[in-house]
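# Observations on the three-dimensional arrangement
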Amino acid sequence: MNAIGIDIGATKIKGVVATSSGRILIRREVLTKANREKNEILRDIISIADFLKKESQKKHFNIKGVGIGVPGMIKSGKLIFGGGTLTQLVGLDLAKGIKKEIGFKVFADNDSNCFALAESYFGAGKHYKRVAGVIWGTGIGGGFIDKNNRGRNRHRMSVEIGHFVVEPNIKSEPKDACGARGCVENLASGKNIVRRYYAMGGKIKNAGVKEIYRSKEKIAKKVLEDAYKYLGMGISILIKRTKPEIVVIGGGVSSLPQSAYKKLVYYIYRYADKFSSKIVKSKLGNFGGALGAASLMFRRK
Ligand SMILES: [Zn+2]
């Protein structure tokens, strides 16, 4: 059995056709260009789904449906809160819009939930019952899978770790999309690392997180240290709330060199019990979220 999975990120939209055992048969990605209007983004999502559908037909792959992962909160296929990225998609009935064009059954869920699903069935969490996944990218999100809980949809839960407020007294930052100051995403996401770097007077032109990491500037070091610390705090709260056996960290910013990841882990254990959960980096690669979105279509034990 196969399914199409589409991961809508703030930087890229990624699509796969995957088997129920987690093998990716076809993959495709396009740039999201997140400052566009919602219908233009939706059109690209549909065209990826359509491409994957046609390629599958050519190869006689049997497709069960389309799973969609999107940042934010989903209720009956509709995005009701978009976090700090892709806010223009709020209110859009993604499941309905795509079903109308593609004809397959469509199911949408939070992107971090999809990522956690992929990790728990095909990745680092394969041999564990309680698995948390954290996406550290343009935005920040978390998902939690409990394989012991077989109730309908009960086995997965998205955790808005990006909007846990970890620095309530901060005055110097603008309000985040969630309405708060000092939430994890506001201080530690890729987008906000860059924003804070320039707000504090960073000198490198067109810097991304990688350039900031490589920079010798004091400001660059401070912004990143803050990111490790506040995300570390956020993940420690996630650990206390969901008690996962393993936490898998993925997303674009998590691909910084090992020393960045080590600092993050240092902060997680500074705030959470050292022996509570194992922490690992995702090895599923760039299409992990899309694979998880596809696996929304497979019934699992
Ligand atoms: Zn927030």
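A quick note: this is a predicted structure, and the numbers were derived from the prediction, not measured.

## Concerning the coordination of the zinc ion
Listed as protein donors to the zinc ion are His-163 (ND1), Asp-176 (OD), Cys-178 (SG) and Cys-183 (SG); their distances from the metal cover 2.0 to 2.3 Å. The site at the zinc ion holds four donor atoms, and with the angles between them running 96 to 123°, its shape is tetrahedral. Judged by relative accessible area, Asp-176 falls into the buried class, the value being 9%. Residue classification places Cys-183 among the buried positions, given a relative accessible area of 0%.

## Re the packing of helix H5 (residues 190-199) against helix H7 (residues 218-242)
Axis separation between H5 and H7 bottoms out at 9 Å; the angle between their running directions is 145°. Here the hand of the crossing between H5 and H7 comes out right-handed. Only Ile-219, Ala-220, Val-223, Leu-224, Asp-226 and Ala-227 of H7 make contact with H5, whose side of the interface consists of Ile-193, Arg-196 and Tyr-197. Of the residues that constitute the contact of H5 with H7, the class distribution is seven nonpolar, no polar and two charged.

## Description of the domain arrangement of the protein
Once the domains are mapped, the protein shows domain 1 (2-110 + 286-295) and domain 2 (124-281). One C-alpha centre belongs to domain 1, the other to domain 2; they are set 24 Å apart. Contacts between the two partners involve eleven residues from domain 1 and, on the opposite side, twelve residues from domain 2. Between the two partners, domain 1 and domain 2, sit zero salt bridges. Connecting domain 1 to domain 2 are one residue pair in polar contact (both at pLDDT 80 or more). For the side of domain 1 that touches domain 2, the residue count by class is four nonpolar, six polar and one charged.

## Considering the environment of Gly-182
Tracing the sequence through the fold places Gly-182 in the loop between strand S10 (156-159) and helix H4 (184-188). Classification of Gly-182 by relative accessible area gives buried; the value is 0%. Placed 13 residues apart in sequence, Gly-182 and Asn-169 show a C-alpha to C-alpha distance of 7.5 Å.

## Side note on the confidence of the model for the protein
Confidence in the prediction of the protein, expressed as mean pLDDT, is 91, and 96% of residues score 70 or more. The secondary-structure element of the protein with the lowest mean pLDDT is strand S6 (residues 78-81), recorded at 75, while helix H6 (residues 209-214) shows the highest, at 98.

## Notes on the packing of aromatic side chains
Scanning the model with the defined rule gives four aromatic pairs in all. The cationic tip of Arg-28 hangs over the ring face of Phe-51; the distance from NZ or CZ to the ring centre is 3.8 Å. Over the ring of Phe-104 we find Lys-53, and its NZ or CZ is 5.6 Å from the ring centre.

## Quick look at the pattern of salt bridges
Tallied over the full model, the rule gives eleven salt bridges. Linking Glu-29 and Lys-12 is a salt bridge whose minimum nitrogen-to-oxygen distance equals 3.9 Å. Linking Glu-29 in strand S3 (residues 24-31) with Lys-12 in strand S2 (residues 12-19), this pair joins segments that are 17 residues apart in sequence. For Lys-12, a relative accessible area of 32% corresponds to the partly exposed category. The residue Glu-173 makes a salt bridge to Arg-195 at a minimum N-O spacing of 2.7 Å. A residue pair is termed long-range when its members are at least 10 positions apart, and Glu-173 in the loop between S10 and H4 and Arg-195 in helix H5 qualify at 22 residues. Judged by relative accessible area, Arg-195 falls into the partly exposed class, the value being 24%.

## Some remarks on the pairing of S6
Consecutive residues of a regular strand have side chains that alternate between opposite faces of the sheet. Of the strand pairs in this sheet, strand S5 (residues 73-75) and S6 are connected by three bridges, and their pairing is antiparallel. Directly across from Lys-75, in S6, lies its bridge partner Lys-78. Between S5 and S6, which pair antiparallel in sequence order, lie two residues; one of them, Ser-76, sits at a positive phi of approximately 45°.

## Looking at helix H3 (residues 111-122)
Since the α-helix turns once every 3.6 residues, residues separated by three or four places project in the same direction. Given a rise of 1.5 Å per residue, twelve residues ought to cover 16 Å, and the 16 Å separating the end C-alpha atoms of H3 matches this to within 8%. Within H3, twelve of the twelve residues are buried, which leaves it mostly tucked inside the rest of the structure. Among the residues making up H3, those that are buried are Asp-111, Ser-112, Asn-113, Cys-114, Phe-115, Ala-116, Leu-117, Ala-118, Glu-119, Ser-120, Tyr-121 and Phe-122. Of the residues flanking the start of H3, the one acting as N-cap is Asn-110, its side-chain oxygen 2.8 Å from the backbone nitrogen of Ser-112.

## A closer look at unusual backbone geometry
For His-60, which is not glycine, the phi dihedral falls at a positive 55°. With respect to the helices, strands and loops of the structure, His-60 is situated in the loop between helix H1 (38-58) and strand S4 (63-70). Given a relative accessible area of 72%, His-60 falls into the exposed group. A positive phi angle, near 50°, is found at Asn-206, a position not held by glycine.

Rules and cut-offs
- Residues numbered from 1 in each chain as written.
- Predicted model: local features only at pLDDT ≥ 70, side-chain atom pairs only at ≥ 80, totals over all residues.
- Heavy atoms only, no water.
- Donors = N, O, S within 2.8 Å, 3.2 Å for Na, K, Ca; no water.
- Tetrahedral: all angles 85-135°; square planar, octahedral: opposite > 155°, others 65-115°.
- Buried < 20%, exposed > 50% of the residue type's maximum accessible area, 1.4 Å probe, protein only.
- Axes fitted to C-alpha atoms, helices over the stretch in contact; angles between N-to-C directions.
- Helix = DSSP H or I, 4+ residues; strand = E, 2+ residues; numbered from the N terminus.
- Left-handed = near helix turned anticlockwise from the far one by under 90°.
- Contact = heavy atoms within 4.5 Å.
- Nonpolar A, V, L, I, M, F, W, Y, C, P; charged D, E, K, R; others polar.
- Domains from an automatic or database assignment.
- Salt bridge = Lys/Arg side-chain N within 4 Å of Asp/Glu carboxyl O.
- Polar contact = N/O pair within 3.5 Å; in protein donor to acceptor, adjacent residues only side chain to side chain.
- pLDDT = per-residue confidence, 0-100.
- Phe/Tyr/Trp six-rings, centres within 6.5 Å; stacked < 30°, edge-to-face > 60°.
- Lys NZ or Arg CZ within 6 Å of the ring centre and 35° of its normal.
- Pairing = 2+ DSSP bridges.
- Expected span 1.5 Å × (residues − 1).

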